[in-house]
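Observations on the model geometry
One-letter residues, chain by chain:
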Amino acid sequence: MLNDIREELQRLRAQHLYRTRRVLDSPQGVGVRVGGETLLSFCSNDYLGLANDARVIDALQNGAQRYGAGSGASHLVTGHSVAHHALEEELATFVGAERALLFSTGYMANLGVASALLDRHDTVFEDKLNHASLIDAARLSGALVKRYAHGDLTRLEALLAASAGKRLILTDGVFSMDGDVADVARLAALAQQHAAWLLVDDAHGLGVLGAHGRGTLEHSGLQPQAPLILLGTLGKAFGTFGAFVAGDEDLVEYLIQRARPYIYTTALPPAVAEATRASLRIVQQEAWRRDALNARIAEFRSGAAQLGFKLLDSATPIQALILGEAQAAVAASDALRARGILVPAIRPPTVPAGSARLRITLCALHSAQHVERLLEALADLPQTSTGLA
């Protein structure tokens, strides 16, 4: 048995697909300590720079003093505190939903919604570039899975028309590896037309998109009400940990009764809920963070275009530079690290074969000088790495 595992590990190494963990000795930030080096980071999902904000840390510490280190039980036993309850109410108000329900992770939230709403007699539809948690949610729901090419809503419409039983459409709001935004308005119209649920995983849009940071739905002029269900994560722009599902009152009550990943797991520590309440207030009050983030995105895209790089079409903090083969992406990442810049290579199976890339992410705390330093380092990459002539 172990020989099979060893052979597979060797194969991954030979194909430049072997993954290693980087051990940080610092908080998240634009500068991080890794292996004794201080590196300029362009790979975190801490889009608004809140993971190390003093106010969020204070709220976490005060929450631990009041509630202890852990919740001690599931939400339906004795694990649901006033901190959890207050956060759910505040999140619902923020996104314009009747109710919100906390989950321990976005992965668990996706599994919980799909498995609660569907069974083997039903059908789930999803974009081929959906996040792994949405792919697994579809598979584990037991329903028939129908996938459509990325953004091909004409194909989705045909699949919906040919299906029977209960239907659920799964999509990212912002696609995590490409950075583009789903056409949620058209998806919602298709869901309404075909009596299907639509679950939008807005892990990378919440806090970032929309005039008030309410995410892809605000950006699209929509609210989380049937048939639309919003999933948001708290470990990215909010800088803490956890996730939530927002929608109609009856939907949330149904998930409390039927979503197994909600029912059968220990609740988030109440202190984390208090930290998230603090970060939510900052997201609402400090619009300058989104303004700064958007400025850095524009500067990077303009500079990359001047250098001849062809980025994927994205107005979000996720900027993908496709390099093709895994070896090229690893070489580019190593060259950047030699210049003191951290941008890990993203390789299959995270992305399709032949589309290995540098996934560059911007943060509100990056300066224009940080972006210029990154662009200078990219310009000096070997042409064999970047594919430039």
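Please refer to the structure higher up on the page.
Residues numbered from 1 in each chain as written. Predicted model: local features only at pLDDT ≥ 70, side-chain atom pairs only at ≥ 80, totals over all residues. Heavy atoms only, no water.

**A few points about the overall build of the protein**
Each helix and strand counted, the protein has 16 helices and 13 strands in total. For 389 residues, the compact-globule estimate of 2.2 N^0.38 gives 21 Å, and the protein sits close to it at 21 Å. Summarising its shape, the C-alpha atoms of the protein cover approximately 55 × 55 × 50 Å along the three principal directions. The burial tally for the protein puts 53% of its 389 residues in the buried class. Once local pairs closer than 6 in sequence are excluded, the contacts in the protein between residues at least 24 apart make up 71%. (Helix = DSSP H or I, 4+ residues; strand = E, 2+ residues; numbered from the N terminus. Rg over C-alpha atoms; globule rule 2.2 N^0.38 Å. Buried < 20%, exposed > 50% of the residue type's maximum accessible area, 1.4 Å probe, protein only. Contact = heavy atoms within 4.5 Å.)

**Overview of the sheet that holds strand β2 (residues 37–41)**
Spatially, three strands are ordered β1-β2-β11 in an open sheet, and the strand pairing comes out mixed. The sheet is open, and its two borders are formed by β1 (31–34) and β11 (341–342), each paired with just one other strand. Here four bridges tie β1 to β2, and the two strands are oriented antiparallel to one another. Bridging across to β2, Gly-31 finds its partner in Leu-40. (Pairing = 2+ DSSP bridges.)

**What about the environment of Val-351?**
Mapped onto the secondary structure, Val-351 falls in the loop between β12 (345–346) and β13 (356–361). Look at Val-351 and you get buried, because its relative accessible area is 5%. Taking the C-alpha atoms as reference points, Val-351 and His-131, 220 residues apart in sequence, are found 9.9 Å from one another. Contact partners of Val-351, with chain neighbours within four places excluded, come to Met-177, Ile-346, Ala-356 and Arg-357.

**Thoughts on the packing of aromatic side chains**
Evaluation of the coordinates by the stated rule reveals two aromatic pairs. Between Phe-94 and Phe-238 the ring centres are 6.3 Å apart and the planes differ by 75°, which places this aromatic pair in the edge-to-face class. In this pair, Phe-94 is assigned in helix α4 (residues 82–95) and Phe-238 in the loop between β8 (228–233) and β9 (243–247), connecting sequence segments 144 residues apart. The pair Phe-94 / Phe-238 is uniform in exposure class, with both members buried. The residue whose ring lies beneath Arg-13 is Tyr-18, and the NZ or CZ to ring-centre distance is 4.3 Å. (Phe/Tyr/Trp six-rings, centres within 6.5 Å; stacked < 30°, edge-to-face > 60°. Lys NZ or Arg CZ within 6 Å of the ring centre and 35° of its normal.)

**Digging into the packing of helix α2 (residues 54–67) against helix α12 (residues 270–285)**
For the pair α2 and α12, interaxial distance at closest approach is 7 Å and the crossing angle is 150°. Judged by the angle between their axes, α2 and α12 are roughly antiparallel. Crossing geometry of α2 relative to α12 is assigned as right-handed. Residues Arg-55, Val-56, Ala-59, Leu-60, Gly-63, Ala-64 and Tyr-67 of α2 form the contact with α12, whose participating residues are Pro-270, Ala-271, Val-272, Glu-274, Ala-275, Ala-278, Ser-279 and Ile-282. Classifying every residue of the contact of α2 with α12 gives eleven nonpolar, two polar and two charged. (Axes fitted to C-alpha atoms, helices over the stretch in contact; angles between N-to-C directions. Parallel < 35°, antiparallel > 145°, perpendicular 65-115°, else oblique. Left-handed = near helix turned anticlockwise from the far one by under 90°. Nonpolar A, V, L, I, M, F, W, Y, C, P; charged D, E, K, R; others polar.)

**Digging into the nonpolar core**
Membership of the largest hydrophobic core comes to 78 residues, with the highest contact counts inside it found for Leu-156, Ile-169, Phe-244, Phe-300, Leu-358, Ile-360 and Leu-378. Top contributing element to this core by residue count: α4, with six residues. Those residues in contact with Ile-360, other than ones at most four positions away along the chain, are Phe-42, Phe-300, Pro-317, Ile-318, Gln-319, Val-343, Leu-374 and Leu-378. Counting 27 residues, the second largest nonpolar core, distinct from the first, contains Ala-114, Leu-118, Leu-251 and Tyr-262. (Core = buried A, V, L, I, M, F, W, Y, C linked by side-chain atoms within 4.5 Å.)

**Examining the sheet that holds strand β7 (residues 197–201)**
Taken together, seven strands build an open sheet; the order of strands is β3-β9-β8-β7-β6-β4-β5 and the sheet is mixed. Each end of this open sheet is capped by a strand with a single partner; those strands are β3 (99–103) and β5 (144–148). Between one strand axis and the next, the sheet turns by 20° as a mean value, whatever way the strands run. By the bridge criterion, five bridges tie strand β4 (residues 123–127) to β5 in an arrangement that is parallel.

**As for the pairing of β1**
Only one face of β1 is covered, namely the one carrying Val-32 and Val-34; the face carrying Gly-31 and Arg-33 has none of its residues buried. The antiparallel hairpin formed by β1 and β2 contains two residues in its connecting segment, where Gly-35 sits at a positive phi of about 55°.

**Comments concerning a positive patch on the surface**
A cluster of like positive charges, contributed by Lys-128, Lys-146, Arg-147 and Arg-155, occupies part of the molecular surface. Residue placement: Arg-155 occurs in helix α7 (residues 153–161). (Patch = residues over 30% accessible without salt bridge, like charges linked within 9 Å, V, L, I, M, F, W, Y side chains within 5 Å. Areas by Shrake-Rupley, 256 points an atom, 1.4 Å probe, with all protein chains shown as cover. Salt bridge = Lys/Arg side-chain N within 4 Å of Asp/Glu carboxyl O. Lys, Arg positive; Asp, Glu negative; His and termini not counted. Charge placed at Lys NZ, Arg CZ, Asp CG, Glu CD.)

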